[in-house]
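Observations on chain architecture
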Amino acid sequence: MAAENLPSQGPRYAALIGLLRTAEALWAASRVFFDRWQLSPSQFNLLNLLREQPAGCSQSELSRQLITHRSNITGLVDRLENRGLVRRDQHAHDRRAFVVVLTPVGRALLAEILPLYHAAAEVVWSEFPAERAAQLVADLECVSANAARVAAAPPGGMTVKG
């Protein structure tokens with residue numbers, strides 16, 4: 001198909017490209033931000049998730065919540081465990097499984113990081129009123145649901161609404 005016969009890229013395509021560029025910029029800034037603690041953004045996300053789960057999480061649950069393949073979670077947990085930030089405990093109901101728990105050292109590290117992280121987030125979002133940020137969250141949830149529909153559809157099986 002010749003380039004002149006392609007559909008117009010339009011504002012939705014521009015929004016997609018802008019979102020992808022923004023995601024990459026945020027990921028790059030996160031790598032720099034967390035480097036001072038020798039953490040990756042993914043390691044921080046895992047620690048932060050465990051902070052909200054005092055009883056711990058299975059690696060399968062961590063992979064679901066972090067939208068990461070289970071094999072990647074194993075490597076993340078191994079590295080964090082080697083640093084004493086998390087530990088694997090025997091699962092209460094399944095002796096073959098473990099739950100990953102945040103250690104006191106990991107909790108202390110998060111207590112050091114989180115105020116700075118929240119301050120950095122305020123800087124990133126400083127141009128947005130709270131209402132606009134809330135609307136953006138809702139919009140992004142819609143985009144995420146639409147992306148999941150696209151991923152689940154057979155090739156060529158999607159139609160565009162409005």
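As a reminder, the structure under discussion sits directly above these lines.
A few points on the structure. (Residues numbered from 1 in each chain as written. Predicted model: local features only at pLDDT ≥ 70, side-chain atom pairs only at ≥ 80, totals over all residues. Heavy atoms only, no water.)

1. Notes on the environment of Ile 67
- Along the chain, Ile 67 turns up in the loop between helix H3 (59–66) and helix H4 (70–82).
- Look at Ile 67 and you get exposed, because its relative accessible area is 79%.
- Each C-alpha atom, one on Ile 67 and one on Asp 89, is 22 Å from the other, the two residues being 22 residues apart in sequence. (Helix = DSSP H or I, 4+ residues; strand = E, 2+ residues; numbered from the N terminus. Buried < 20%, exposed > 50% of the residue type's maximum accessible area, 1.4 Å probe, protein only.)

2. What to know about H4
- Taking 1.5 Å as the rise per residue, H4 with 13 residues should run 18 Å; its terminal C-alpha atoms sit 18 Å apart, in good agreement.
- Inspection of H4 places Ile 73, Gly 75, Leu 76, Val 77 and Leu 80 among the buried residues, and these make up the whole buried set.
- On its buried face, H4 is in contact with helix H2 (41–51), H3, strand S1 (86–90) and strand S2 (98–102).
- Downstream of H4 by one or two residues, Gly 84 has phi in the positive range, about 75°. (Expected span 1.5 Å × (residues − 1). Contact = heavy atoms within 4.5 Å.)

3. Some details on the packing of aromatic side chains
- One pass over the structure, following the stated rule, counts seven aromatic pairs.
- Between Phe 44 and Tyr 117, the ring centres sit 4.7 Å apart and the planes meet at 50°, which makes this aromatic pair tilted. Of the two residues, Phe 44 is situated in helix H2 and Tyr 117 in helix H5 (residues 104–124); the sequence distance between them amounts to 73 residues.
- Overall, the relative accessible area of 1% leaves Phe 44 in the buried class.
- For Tyr 117, a relative accessible area of 30% translates into the label partly exposed.
- Chaining the aromatic ring pairs together yields one cluster made of Phe 33, Phe 34, Trp 37, Phe 44 and Tyr 117.
- Across from the ring centre of Phe 33, 4.5 Å away, lies the NZ or CZ of Arg 36, which sits over that ring. (Phe/Tyr/Trp six-rings, centres within 6.5 Å; stacked < 30°, edge-to-face > 60°. Lys NZ or Arg CZ within 6 Å of the ring centre and 35° of its normal.)

4. Section: the nonpolar core
- The biggest cluster of nonpolar side chains holds 23 residues, and the ones touching the most others in it are Leu 39, Leu 46, Leu 47, Leu 50, Leu 62, Val 86 and Ile 113.
- The set of elements that each furnish at least two residues to this core consists of helix H1 (10–35), H2, H4, S2 and H5.
- Among the elements that make up this core, the one with the highest residue count is H2 (five residues).
- In this structure, Leu 50 is in contact with Gly 56, Cys 57, Leu 62, Val 86, Val 100, Val 101 and Leu 102, ignoring residues within four places of it in sequence. (Core = buried A, V, L, I, M, F, W, Y, C linked by side-chain atoms within 4.5 Å.)

5. Some points on a nonpolar patch on the surface
- On the surface, Tyr 13, Leu 16 and Leu 20 cluster together to form a nonpolar patch covering roughly 280 Å² of accessible area.
- Take Leu 16: its relative accessible area is 42%, and that puts it in the partly exposed class. (Patch = residues over 30% accessible without salt bridge, like charges linked within 9 Å, V, L, I, M, F, W, Y side chains within 5 Å. Areas by Shrake-Rupley, 256 points an atom, 1.4 Å probe, with all protein chains shown as cover. Salt bridge = Lys/Arg side-chain N within 4 Å of Asp/Glu carboxyl O.)

6. Some details on unusual backbone geometry
- For Gln 38, which is not glycine, the phi dihedral falls at a positive 50°.
- Mapped onto the elements of the fold, Gln 38 is located in the loop between H1 and H2.
- Residue classification places Gln 38 among the exposed positions, given a relative accessible area of 56%.
- Backbone geometry places Ile 67, a non-glycine residue, at a positive phi of 50°.

7. Digging into the pattern of salt bridges
- By the definition in use, this model includes six salt bridges.
- With a shortest N-O distance of 2.8 Å, Glu 61 and Arg 64 are connected by a salt bridge. Within this pair, Glu 61 and its partner Arg 64 are both found in helix H3, separated by three residues, close to a single helical turn.
- A residue is classified by how much of its surface remains accessible, and Glu 61, at 24% relative accessible area, is partly exposed.
- Classification of Arg 64 as exposed rests on a relative accessible area of 54%.
- We note a salt bridge from Glu 81 to Arg 88, for which the minimum N-O separation is 2.5 Å.
- Given a relative accessible area of 29%, Glu 81 falls into the partly exposed group.
- A relative accessible area of 21% places Arg 88 in the partly exposed class.

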